[in-house]
Amino acid sequence: MPHSTRREFVKSGLAAGALAVAGSLPLRAGRQTATDWVTLGKSGVKVTRLAFGTGSFSGQVQRDLGQDGFTRLVRYAYDRGIRFFETAESYGEMHRMLGVALKGIPRDSYRIMSKVTTRQGVDPQEKFDELRKLANTEYFDIMLLHWQHTATWPVDTARWQDGIQEAQSKKAIVSRGASVHGLPALRQVPENKWLDVAMIRVNHKGKSMDAEDYNTAGLGNVPEVVSRVQQVRRNGMGVISMKLVGEGTFGREDRQAAMRFAFKNAGVDCVTVGYKNTAEIDEAIGNLNLALA
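Quick notes on the rules
- Residues numbered from 1 in each chain as written.
- Predicted model: local features only at pLDDT ≥ 70, side-chain atom pairs only at ≥ 80, totals over all residues.
- Heavy atoms only, no water.
- Phe/Tyr/Trp six-rings, centres within 6.5 Å; stacked < 30°, edge-to-face > 60°.
- Helix = DSSP H or I, 4+ residues; strand = E, 2+ residues; numbered from the N terminus.
- Buried < 20%, exposed > 50% of the residue type's maximum accessible area, 1.4 Å probe, protein only.
- Polar contact = N/O pair within 3.5 Å; in protein donor to acceptor, adjacent residues only side chain to side chain.
- Contact = heavy atoms within 4.5 Å.
- Salt bridge = Lys/Arg side-chain N within 4 Å of Asp/Glu carboxyl O.
- Pairing = 2+ DSSP bridges.
- Axes fitted to C-alpha atoms, helices over the stretch in contact; angles between N-to-C directions.
- Parallel < 35°, antiparallel > 145°, perpendicular 65-115°, else oblique.
- Left-handed = near helix turned anticlockwise from the far one by under 90°.
- Nonpolar A, V, L, I, M, F, W, Y, C, P; charged D, E, K, R; others polar.

## Some points on the packing of aromatic side chains
All told, the structure shown has six aromatic pairs when counted by the stated rule. When the centroid spacing of 6.0 Å and the interplanar angle of 75° are considered together, the rings of phenylalanine 128 and tryptophan 160 count as edge-to-face. Note that phenylalanine 128 is positioned in helix 5 (residues 124–134) and tryptophan 160 in helix 7 (residues 158–169), a separation of 32 residues in sequence. Each member of the pair, phenylalanine 128 together with tryptophan 160, is buried.

Set out below in structure tokens:
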């Protein structure tokens with residue numbers, strides 16, 4: 001090994017050791033940022049670490065901006081490097097509004113994730129076609145089974161799982177997953193072979209996180225959620241964090257702490273945050289960059 005390389009190696013090793021003693025993650029090659037592209041586990045789909053969520057209070061916050069205001073915000077996020085956008089069937093007009101906001105931008109330069117409500121009496125292919133038309137896209141990069149909140153969801157949603165796989169065969173959907181609420185539902189995720197991606201509620205305080213009762217007014221079980229996230233990652237799935245800022249209840253200090261916790265303690269791949277103005281986008285990028293530093 002050349003002398004200069006050895007010296008640099010020793011310096012890096014000492015620095016990594018110092019960080020480990022301080023309780024931080026060891027140094028990694030290169031500086032990581034909020035807008036890096038990362039791969040969501042075995043899905044193979046690459047997304048930016050920070051996503052643009054359109055579901056603040058079921059999309060009401062974003063809808064209240066109006067189409068022009070929402071479009072400006074989406075374009076601002078895109079220009080700042082956020083290239084991952086998420087929405088859901090239950091978010092009212094957000095598929096249509098997102099389609100308008102992204103119109104004219106090269107489709108291969110961003111990713112869209114949608115979430116479908118797994119109700120009975122609905123044809124999955126018709127629903128996916130409807131959502132694609134609304135969002136003005138030929139395909140969704142990720143389709144999630146939305147709001148799975150019982151221990152029996154893997155069996156209950158079999159028809160929708162088959163529907164997503166059929167849509168994948170038609171290139172209308174690239175990868176698949178589920179968003180879960182409540183510990184009974186979350187416990188079914190780590191060993192589920194069908195899932196490529198899991199969307200899980202994560203923050204350091206347990207606000208709006210998973211408990212035995214999916215709809216609890218109290219705090220969630222943070223240690224168990226973190227343990228399940230880590231199991232999911234070990235089994236090759238990608239993990240997207242939601243409820244990072246406690247449904248908008250956290251102050252600046254807790255928003256920073258939540259970002260650090262999600263990435264350094266839980267070990268998620270990426271996080272989705274809802275925004276109502278450009279300052280919130282800038283702050284989220286700064287908070288995640290700080291968490292990764």
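## Side note on the side chain of arginine 111
Looking at the secondary structure, you find arginine 111 in strand 5 (residues 111–116). Within the structure, arginine 111 has its side chain in polar contact with the backbone oxygen of aspartate 108 (distance 3.2 Å). Discounting residues that sit within four places of it in the chain, arginine 111 has contacts with Trp37, Val45, Lys46, Val47, Arg83, Phe84, Phe85 and Asp141.

## Regarding the pattern of salt bridges
Evaluated as defined, the whole model comprises 21 salt bridges. For arginine 96, the salt bridge identified is with glutamate 93, shortest N-O distance 2.7 Å. Residue lysine 205 pairs with aspartate 254 through a salt bridge whose shortest N-O separation is 2.8 Å. With a gap of 49 residues between them, lysine 205 in the loop between strand 8 (197–201) and helix 9 (222–234) and aspartate 254 in helix 10 (residues 252–266) connect regions that are remote in the sequence. Residue lysine 205 is classed as partly exposed on the basis of its relative accessible area, which comes to 42%. A single network of salt bridges, built from pairs that share partners, joins Glu89, Arg119, Lys127 and Glu130.

## So, the pairing of strand 3 (residues 50–53)
What you see with strand 3 is no split at all: Leu50 and Phe52 on one side and Ala51 and Gly53 on the other are buried throughout. Summarising the sheet, strand 3 and strand 10 (residues 270–274) pair through four bridges and their orientation is parallel. Residue pairing across strands places alanine 51 opposite threonine 272, the latter belonging to strand 10. The pairing of strand 3 with strand 4 (residues 84–86) spans two bridges and is classified as parallel. Residue phenylalanine 52 lies in a different strand from strand 4, and its bridge partner there is phenylalanine 85.

## Quick word on the packing of helix 10 against helix 11 (residues 278–292)
One can describe the packing of helix 10 onto helix 11 by two numbers: an axis separation of 9 Å at closest approach and a directional angle of 50°. Our classification of the angle between helix 10 and helix 11 gives oblique. The element helix 10 and its partner helix 11 pack so that their crossing is right-handed. Contact residues: helix 10 offers Arg252, Arg255, Gln256, Met259, Arg260, Phe263 and Lys264, while helix 11 offers Glu283, Ala284, Asn287, Leu288, Leu290, Ala291 and Leu292. For the contact of helix 10 with helix 11, the residue count by class is seven nonpolar, two polar and five charged.

Bear in mind that shape data such as this cannot, by itself, settle questions of function.
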